[in-house]
Amino acid sequence: YAILNGLDMRSCKASHAADKARLLDMVSTCPGGIDALNENVRMVAAQAAEEAVIFRAAESGHCAVLSVASAELLQTAVDARGRTPAHFAAKGNWTAALEVLCARGASLMTQAC
């Protein structure tokens, strides 16, 4: 995720330049300022990228990836519809992937109704 290291909200494009300017002005008065915002955006983007890898591995039954994925993300990852990686593994009938997920403490329950 090297591309995230260079992410800087000051150089990002916005639909409305005035909105971007107001946001950056507001953030500059907060503790840590724009640098703190950049760090938070990088962290959230990196986690989203890691979750995408986990969901893709579960969907394709890629046990090796699931075996080394972040245990915390395996336990907390849910997509926009409330589905966990286990849902994707089950949908593909990837029983070995489900076994890896269970062994690593991944949630088997939906997070949203």
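Structure shown above.
A brief structural summary. Just so you know, these numbers come straight off a predicted model, no measurement behind them.

### Things to note about the overall build of the protein chain
When helices and strands are counted, the protein chain shows seven helices and zero strands. Written out in order from the N terminus, the α and β elements of the protein chain read α-α-α-α-α-α-α. Taking the principal axes of the C-alpha coordinates as reference, the protein chain spans close to 50 × 30 × 25 Å. Counting over 113 residues, the protein chain shows a buried share of 28%. With an accessible surface of roughly 7300 Å², the protein chain has 60% of that area assigned to carbon and sulfur atoms. Treating the 10 positive side-chain charges of the protein chain as one cloud and the 11 negative ones as another, the clouds have centres 7 Å apart.

### Looking at the packing of aromatic side chains
Considering all chains together, one arrives at one aromatic pair under this definition. With centroids separated by 5.2 Å and ring planes inclined at 70°, the aromatic side chains of Phe55 and Phe88 adopt a geometry described as edge-to-face. Here Phe55, found in helix α3 (residues 33-60), pairs with Phe88, found in helix α6 (residues 85-91); they are 33 residues apart in sequence, far enough to count as distant. Accessibility classification places Phe55 together with Phe88 in one group, the buried group.

### Overview of the pattern of salt bridges
Within this structure, the stated rule accounts for six salt bridges. A salt bridge links Asp35 to Arg10, with the shortest nitrogen-to-oxygen separation between them at 3.0 Å. On the criterion of sequence distance, the pair formed by Asp35 in helix α3 and Arg10 in the loop between α1 (2-5) and α2 (17-28) is long-range, its members being 25 residues apart. Of the charged contacts, one joins Asp79 and Arg83 as a salt bridge, the two residues approaching to 2.7 Å between their closest N and O atoms. It is possible to trace a salt-bridge network through shared partners that takes in Asp8, Arg10 and Asp35.

### A closer look at α3
Between its first and last C-alpha, α3 extends 41 Å over 28 residues, near the 40 Å set by a 1.5 Å rise per residue. What α3 keeps buried is the set Gly33, Ile34, Asn38, Arg42, Ala46, Glu51, Ile54, Phe55, Ala57 and Ala58.

Calculation rules
- Residues numbered from 1 in each chain as written.
- Predicted model: local features only at pLDDT ≥ 70, side-chain atom pairs only at ≥ 80, totals over all residues.
- Heavy atoms only, no water.
- Helix = DSSP H or I, 4+ residues; strand = E, 2+ residues; numbered from the N terminus.
- Buried < 20%, exposed > 50% of the residue type's maximum accessible area, 1.4 Å probe, protein only.
- Areas by Shrake-Rupley, 256 points an atom, 1.4 Å probe, with all protein chains shown as cover.
- Lys, Arg positive; Asp, Glu negative; His and termini not counted.
- Charge placed at Lys NZ, Arg CZ, Asp CG, Glu CD.
- Phe/Tyr/Trp six-rings, centres within 6.5 Å; stacked < 30°, edge-to-face > 60°.
- Salt bridge = Lys/Arg side-chain N within 4 Å of Asp/Glu carboxyl O.
- Expected span 1.5 Å × (residues − 1).

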